[in-house]
Amino acid sequence: MQTLQKLLPKYTIALALIFLVTVAYLITRGNTVDVEAVEVTYAELVQAVYATGFVEADAMANLSAELSGTVSSVGALEGERVAAGQTIIAFETLQPGLAVREAGAAYAEQLALAGERRLNFTRISNLFGEGAVSRRDLDDARKTLRQAEELLEQKKLRLQIREDDLKKLTVRAPFSGILALQNVKKGDYVTANTLVARVIDTTGYVVSVEVDELDVPRIRTGQKAAIVLDAMPDRRFDALVSRVVPQTDTVTKTSKVFLRFSRPVQGIQAGMTATANIIYNRKPRTLLVRKSSVFDENHVSYVWKIENEELKKQPLKTGAGDLAFVEVLEGLRKGDKVVPVPEERFREGMDARVVRSNERP
């Protein structure tokens, strides 16, 4: 019994020491955080406007039937190449042909009558020179000739109109390209103004993007842009701003901007989805920090700076920025290390153990 009483104080002291060591370890461990670190350095700051849109053919023609009629022949199918002037679809209807024949007959009849009036005027003129007819006879012959010639012009114009109507029975390619739409077949009856074909010039494409109205003042023709197509995500294409439409959509609050590729792009098609970064400013040597490193408190910007293996809540003044980085005007220097992503648990003076360091921002 006495031996047990002698041993108890020793065990109590040992347990107390273990407890104190454990508490001290937990406290110490709780004041140390594992962090990543990125180095603040100088780099080029590229400011750009981000926009999305679609690829469009530089030249595209929607062709509609100008007259109602039955399709008599199909000269090309979807996906086929057509030449300028090539017949794509032909229609048949009796009325235009009949109208041309009637107008042609009327023109021929008036042409003959005008010829007779011209010969008569010549004969009267000669007789007037010989004193065989009066001035009144000459004036009447001149008036009759003028009326016949005016009527001839009217008949000629009417014939041209009827011939133009006859040409409307044929849908032709206005330029060389690929037939992207042709949805009729022989025997179909098509009403006037129905879209029957679409021709795309595949030698040139542009990208049409929608730019937010707040960014439109930054956009100018000739600015460089980088384009990524969803169909080709691993490639980047250089382009230039070719047109800025001076009108903002009242619903989307965006304006349309057209970008032209600097070089031809193989495998591209109209309708492909595209994203673009239109570059409006470059600063070649700028002290940069990641935007993700910066947080605000009471309208003041801060970063968690790693200094002497401790966290320091560093205020800073920022300037221009892009999608990923922001310019540092005051508060940091080249070579300073900061935490890329702040956390709620961070406190001033915490020990910081760097688990990974990136030498570039």
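Scroll up for the structure.
Because the structure is a prediction, the values reported are computed rather than measured.

Draft legend 1. View of the overall build of the protein. Secondary structure summary: the protein contains 3 helices and 19 strands in total. A compact globule built from 361 residues should have a C-alpha radius of gyration of about 21 Å, whereas the protein, at 42 Å, is more than 25% larger. Each principal axis of the C-alpha distribution contributes one length, and for the protein these read about 170 × 50 × 35 Å. Looking at the 361 residues of the protein, the share that counts as buried comes to 32%. Once local pairs closer than 6 in sequence are excluded, the contacts in the protein between residues at least 24 apart make up 74%. Carbon and sulfur atoms make up 52% of the accessible area of the protein, which totals about 22,600 Å². Distance between charge centroids for the protein: 2 Å, based on 50 positive and 47 negative side chains.

Draft legend 2. Inspection of the side chain of glutamate 327 at higher detail. If you trace the backbone, glutamate 327 turns up in strand S17 (residues 325-330). Given the relative accessible area of 10%, glutamate 327 is considered buried. Leaving out residues up to four positions away in the same chain, glutamate 327 has contacts with Leu45, Lys283, Thr286, Leu287, Leu288, Lys317, Thr318, Gly319 and Ala320.

Draft legend 3. Highlighting the pairing of strand S16 (residues 310-321). Bridging between strand S15 (residues 300-307) and S16 involves 7 bridges; their strand directions are antiparallel. Its bridge partner being in S16, lysine 305 is matched across the sheet by lysine 312. In this structure, the hairpin formed by S15 and S16 is closed by a connection of 2 residues, where asparagine 308 is found at a positive phi of approximately 55°. The pairing of S16 with S17 spans 3 bridges and is antiparallel. Each bridged residue has a counterpart across the sheet, and for glycine 321 the counterpart in S17 is valine 326. Turn length for the S16-S17 hairpin, with the two strands adjacent in sequence and antiparallel, is 3 residues.

Draft legend 4. Geometry of the nonpolar core. Core analysis: the biggest nonpolar cluster contains 27 residues, and Val209, Val211, Ile227, Leu229, Leu259 and Ile278 have the highest contact counts within it. Among the secondary structure elements, those contributing two or more residues to this core are strand S2 (41-64), strand S9 (195-212), strand S10 (224-229), strand S11 (232-248), strand S12 (254-261) and strand S13 (273-290). A per-element tally of this core places S9 first, with 5 residues. The residues touching isoleucine 227, leaving out its near neighbours within four places in the chain, are Val207, Arg235, Arg236, Phe237, Ala239, Leu259, Phe261, Ala274, Thr275 and Ala276. Grouped together as the second largest cluster of nonpolar side chains are 18 residues, Leu63, Ala76, Ala173 and Val190 included.

What counts, and where the lines are drawn
Residues numbered from 1 in each chain as written. Predicted model: local features only at pLDDT ≥ 70, side-chain atom pairs only at ≥ 80, totals over all residues. Heavy atoms only, no water. Helix = DSSP H or I, 4+ residues; strand = E, 2+ residues; numbered from the N terminus. Rg over C-alpha atoms; globule rule 2.2 N^0.38 Å. Buried < 20%, exposed > 50% of the residue type's maximum accessible area, 1.4 Å probe, protein only. Contact = heavy atoms within 4.5 Å. Areas by Shrake-Rupley, 256 points an atom, 1.4 Å probe, with all protein chains shown as cover. Lys, Arg positive; Asp, Glu negative; His and termini not counted. Charge placed at Lys NZ, Arg CZ, Asp CG, Glu CD. Pairing = 2+ DSSP bridges. Core = buried A, V, L, I, M, F, W, Y, C linked by side-chain atoms within 4.5 Å.

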